[in-house]
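If you want the building blocks of each chain, they are given just below.
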Amino acid sequence: MNPADLIGVWTLDSFHDIDATGTRAEGPLGAAPRGTLIYTADGRVSVHMMRAPDADPVPGSNDYMGYTGTWRVTGSRVTHAIEITPRRPWVGTEQTRGARLEGDRLTLDGSVPVNGREQRRVLEWRRTSAHGTTRH
């Protein structure tokens, strides 16, 4: 993957989990999360995601996920090095995800433990601008 192809602003279309049997389930931010992902040419990343404002709150869950830091591409994987986030255990860590770019659609995925089981977490993004230009 060419890193230059990721530069720009992306809007979250879907955030869901897939278990070992291939069953798709709602992700941690509910059925219709909102989000923005920004990759800059100088290697900065910023991602902000939240449960839809009109969604019912879920006791004990987070309604917001976000961080900023740096990014790099290695083959078909993108790594985010986290510098600032409200999730203190994430500070100074890296999140590496598989990355697939098809036109103006970017899919990032990786395995995470959820309730003691490995699940594939899938985030689907749609490009909203590239290199400072807005796409309609």
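Keep in mind that this is a model prediction, so the values were computed, not measured.

Trainee: Outline the overall build of the chain, listing residues and values.
Mentor: Tallying secondary structure elements over the chain gives 0 helices and 10 strands in all. Each helix (α) and strand (β) of the chain, taken in turn from the N terminus, gives the series β-β-β-β-β-β-β-β-β-β. Radius of gyration (C-alpha) of the chain: 15 Å, near the 14 Å computed for a compact globule of 136 residues. Viewed in the frame of its principal axes, the chain has a C-alpha envelope of about 40 × 30 × 30 Å. Within the chain, the fraction of its 136 residues that count as buried is 40%. Residue pairs in contact within the chain that sit at least 24 positions apart in sequence constitute 43% of those at least 6 positions apart. Within the chain, the 16 negative side-chain charges are centred at a point lying 2 Å from the centre of the 17 positive side-chain charges.

Trainee: I'd love a proper account of the layout of surface pockets, names of residues and values included.
Mentor: Looking at the largest pocket, its volume works out to about 390 Å³. Around the largest pocket, the lining is made up of 19 residues, and of these Phe15, Trp90, Gln95, Arg97 and Arg121 lie nearest the centre. Here the element with the most residues in the lining of the largest pocket is strand 8 (residues 105-114); it accounts for 4 residues. Residues belonging to the lining of the largest pocket are distributed by class as follows: 13 nonpolar, 3 polar and 3 charged.

Trainee: So what's going on with the nonpolar core? Which residues, and what values?
Mentor: Ranked by internal contacts, the top residues of the largest apolar core, which has 22 residues, are Leu37, Tyr39, Met49, Leu106 and Trp125. Only strand 1 (8-18), strand 3 (34-39), strand 4 (44-50), strand 5 (64-74), strand 6 (77-84), strand 8 and strand 9 (117-130) provide two or more residues apiece to this core. Ranked by residue count, the leading element in this core is strand 5, at 4 residues. If we skip the residues at most four places from it in the chain, Leu106 touches Leu6, Trp10, Leu37, Tyr39, Ala99, Arg100, Leu101, Leu123, Glu124 and Trp125.

Trainee: Could you give an account of the packing of aromatic side chains, with specific residues and numbers?
Mentor: On inspection of all chains with the given rule, the structure shows 2 aromatic pairs. Centroid distance Tyr39 to Trp71: 4.6 Å. Interplanar angle 55°. Geometry classified as tilted. Here the residue Tyr39 occupies a position in strand 3, and Trp71 occupies one in strand 5, the gap between them amounting to 32 residues. Each ring, one from Tyr67 and one from Trp90, has its centre 6.1 Å from the other, and the planes form 75°; the classification is edge-to-face. Of this pair, Tyr67 sits in strand 5 while Trp90 is found in the loop between strand 6 and strand 7 (94-102), placing the two residues 23 residues apart along the sequence. By relative accessible area, Tyr67 is classed as buried at 8%. Residue Trp90 is classed as partly exposed on the basis of its relative accessible area, which comes to 22%.

Trainee: Just give me the short version of the pattern of salt bridges, but keep the residues and values in it.
Mentor: Where charged atoms of side chains with opposite charge meet at close range, the side chains can pair. Scanning all chains against the criterion turns up 9 salt bridges. Between Arg127 and Asp104 there is a salt bridge whose closest N-O contact spans 3.5 Å. Placement of the pair is Arg127 in strand 9 and Asp104 in the loop between strand 7 and strand 8, with a sequence separation of 23 residues. We classify Arg127 as buried; its relative accessible area is 9%. Between Asp109 and Arg120 there is a salt bridge; the shortest N-O distance is 3.4 Å. One end of the pair, Asp109, is in strand 8; the other, Arg120, is in strand 9, with 11 residues separating them in the sequence. Given the relative accessible area of 37%, Arg120 is considered partly exposed.

The rules we used
Residues numbered from 1 in each chain as written. Predicted model: local features only at pLDDT ≥ 70, side-chain atom pairs only at ≥ 80, totals over all residues. Heavy atoms only, no water. Helix = DSSP H or I, 4+ residues; strand = E, 2+ residues; numbered from the N terminus. Rg over C-alpha atoms; globule rule 2.2 N^0.38 Å. Buried < 20%, exposed > 50% of the residue type's maximum accessible area, 1.4 Å probe, protein only. Contact = heavy atoms within 4.5 Å. Lys, Arg positive; Asp, Glu negative; His and termini not counted. Charge placed at Lys NZ, Arg CZ, Asp CG, Glu CD. 1 Å grid on protein atoms, 1.4 Å probe; cavity = no way out; pocket = protein on both sides within 12 Å on 5 of 7 lines; lining within 4 Å. Points joined across faces, edges and corners; volume = space filled by probe spheres on them. Nonpolar A, V, L, I, M, F, W, Y, C, P; charged D, E, K, R; others polar. Core = buried A, V, L, I, M, F, W, Y, C linked by side-chain atoms within 4.5 Å. Phe/Tyr/Trp six-rings, centres within 6.5 Å; stacked < 30°, edge-to-face > 60°. Salt bridge = Lys/Arg side-chain N within 4 Å of Asp/Glu carboxyl O.

From the geometry alone we can't say anything about function, so treat these as descriptive.
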